[in-house]
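Here is how the chains run, residue by residue.
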Amino acid sequence: MKVNPVDGSIDLPDHVDSSGVKPMSYEEEQLIRVFYEQKIQEVCTAFKFPHKIQATAIIYFKRFYLQWSVMEHQPKNIMLTCVYASCKVEENHVSAEELGKGIQQDHEIILNNEMVLLKSLDFDLIVYAPYRSIEGFIDDLEGFCRAGNGAFQRLKELHQMAISHADKMMLTDAPLLYTPGQLALAALHKCNDILKVFDFERYLETIFSRQHSNCTIEQFVQSINAINYLVDQLKMPSVKDMRHLDRKLRHCWDPSSRDEHKKKEKKSKHKSKRTSTDAQLHS
């Protein structure tokens, strides 16, 4: 099977019947991407990488699949390559061998996909995430709230909750559409609604009073609401979803596997039926 890099069409060998092959829908591809973006977070947590590596890897992964389909490049391989590349860029170097060994994968897969990834990113490797912006706003809020010991502890709780919320944001399209500062304030706004640590509207007014911006507070609040809406609409694939999607994806890569899967299912049903018949005869 060959994939046309221009239009993404699939060219099948003459001996393969393509009539039963259905390409992935946009929604199905989206679920697969979200699943592997979440896996990036899990891998980075397992290796105890800082948040900036996790965020960089996810943004690389998102940008890569703006140009390609999961039917063209195996997302599992690209996911690992994104983690490897982000470690290099963020100066937290881990060898491909060490990374592959840690997650029980062949490190050659990582190395073979590295140049494909870099070319797809146009070698534009500097990216920004909301985590440092969250830290900056928390430091600024200490002065705004005139934090005593009690307020300082509440700001610490707000910081941790905002980071968790930012992790969810990274699984949406928001990092591709909005600036790190907007993402950070959206996370703080959402979490502050729960913890009630400070007056968010008044704090937003103080930020705008310190800088000259073409954007009004009302427009900025609309952006924040749009970001949090994306998070609220985020759908996480279930185990059942991924079994179906993984099987369908393998059929797209290798249509002949579909026939083999059907044969196994038919054989299994026939065996089950025969066993049931034998049991009835002996009873």
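Rules used throughout
- Residues numbered from 1 in each chain as written.
- Predicted model: local features only at pLDDT ≥ 70, side-chain atom pairs only at ≥ 80, totals over all residues.
- Heavy atoms only, no water.
- Helix = DSSP H or I, 4+ residues; strand = E, 2+ residues; numbered from the N terminus.
- Buried < 20%, exposed > 50% of the residue type's maximum accessible area, 1.4 Å probe, protein only.
- Contact = heavy atoms within 4.5 Å.
- Areas by Shrake-Rupley, 256 points an atom, 1.4 Å probe, with all protein chains shown as cover.
- Phe/Tyr/Trp six-rings, centres within 6.5 Å; stacked < 30°, edge-to-face > 60°.
- 1 Å grid on protein atoms, 1.4 Å probe; cavity = no way out; pocket = protein on both sides within 12 Å on 5 of 7 lines; lining within 4 Å.
- Points joined across faces, edges and corners; volume = space filled by probe spheres on them.
- Nonpolar A, V, L, I, M, F, W, Y, C, P; charged D, E, K, R; others polar.
- Axes fitted to C-alpha atoms, helices over the stretch in contact; angles between N-to-C directions.
- Parallel < 35°, antiparallel > 145°, perpendicular 65-115°, else oblique.
- Salt bridge = Lys/Arg side-chain N within 4 Å of Asp/Glu carboxyl O.
- Core = buried A, V, L, I, M, F, W, Y, C linked by side-chain atoms within 4.5 Å.
- pLDDT = per-residue confidence, 0-100.
- Polar contact = N/O pair within 3.5 Å; in protein donor to acceptor, adjacent residues only side chain to side chain.

Here we take up the overall build of the protein chain. Along the protein chain, the regular secondary structure elements total 13 helices and 2 strands. For the protein chain, the proportion of its 283 residues judged to be buried stands at 40%. If you take every contact in the protein chain between residues at least 6 apart in sequence, the share linking residues at least 24 apart comes to 74%. Working note: accessible area of the protein chain is about 16,900 Å², and carbon and sulfur atoms make up 50% of it.

This part covers unusual backbone geometry. The phi torsion at Lys48 lies on the positive side, around 60°, for a residue other than glycine. With respect to the element layout, Lys48 can be found in the loop between α1 (26-46) and α2 (51-67). Exposure remark for Lys48: the relative accessible area of 75% places this residue in the exposed category. A positive phi angle, near 55°, is found at Phe123, a position not held by glycine. Relative to the assigned elements, Phe123 resides in the loop between α5 (107-120) and α6 (131-144).

Okay, the packing of aromatic side chains next. Enumeration according to the criterion identifies 11 aromatic pairs in this entry. Judged by centre distance (5.3 Å) and plane angle (15°), the ring pair of Phe47 and Phe49 falls under stacked. For Phe47, a relative accessible area of 22% gives the class partly exposed. Residue classification places Phe49 among the buried positions, given a relative accessible area of 12%.

The subject of this paragraph is the layout of surface pockets. Estimates place the volume of the largest pocket at around 420 Å³. If you trace the largest pocket, you find 18 residues lining it, with Lys52, Glu90, Val127, Ala129 and Arg132 closest to the centre. Sorting the residues of the lining of the largest pocket by element identifies α2 and α6 as the ones contributing at least two each. Looking at the lining of the largest pocket residue by residue, the class counts come to 11 nonpolar, 3 polar and 4 charged.

Turning our eyes to something else, we now look at the packing of helix α9 (residues 180-195) against helix α11 (residues 217-232). Here α9 crosses α11 at 75°, and the two axes come no closer than 9 Å. As summarised for this structure, α9 and α11 are arranged roughly perpendicular, according to the angle between their axes. Contacts from Gln182, Leu183, Leu185, Ala186, His189 and Lys190 of α9 reach α11 at Phe220, Ser223, Ile224, Asn225, Ile227, Asn228 and Asp232. When the residues that make up the contact of α9 with α11 are grouped by side-chain class, the tally is 6 nonpolar, 5 polar and 2 charged.

Further remarks concern the pattern of salt bridges. A side chain with one charge can pair with a side chain of the opposite charge if their charged atoms come near. One pass over the full model with this rule turns up 8 salt bridges. Here Glu28 makes a salt bridge to Lys248, at a shortest N to O gap of 2.9 Å. Here Glu28, found in helix α1, pairs with Lys248, found in helix α12 (residues 239-253); they are 220 residues apart in sequence, far enough to count as distant. Accessibility assignment for this pair places Glu28 and Lys248 in one class, buried. Note that Asp246 is salt-bridged to Arg250, the shortest N-O span being 3.3 Å. One end of the pair, Asp246, and the other, Arg250, are both in helix α12, 4 residues apart, so they sit about a helical turn from each other.

Val83, Leu158 and Leu185 are the most contacted members of the largest nonpolar core, which has 71 residues in total. Residue contacts for Leu185: discarding those within four places in its chain leaves Phe137, Phe200, Tyr203, Leu204, Ile207, Phe220 and Ile224.

Turning next to the packing of α9 against helix α10 (residues 200-209). Where α9 meets α10, the closest approach of the two axes is 11 Å, and the angle between their N-to-C directions is 155°. In terms of orientation, α9 lies roughly antiparallel with respect to α10. Residue-level contacts link Leu185, His189 and Asn192 of α9 to Phe200, Tyr203, Leu204 and Ile207 of α10. Residue composition of the contact of α9 with α10, by class: 5 nonpolar, 2 polar and no charged.

Confidence in the prediction for the protein chain averages 84 pLDDT; 81% of positions are at 70 or higher. Contacts of residues 14-18 to residues separated by more than four positions or lying in other chains number 3 contacts, the stretch itself having pLDDT below 50.

Structurally, Thr45 can be placed in helix α1. Within the structure, the side chain of Thr45 is placed 2.8 Å from the backbone oxygen of Gln41, a separation counted as a polar contact.

We now examine the side chain of His159. In this fold, His159 is placed in helix α7 (residues 149-169). A relative accessible area of 17% means that His159 is categorised as buried. The contact partners of His159, leaving out residues within four places of it in the chain, are Ile134, Glu135 and Ile138.

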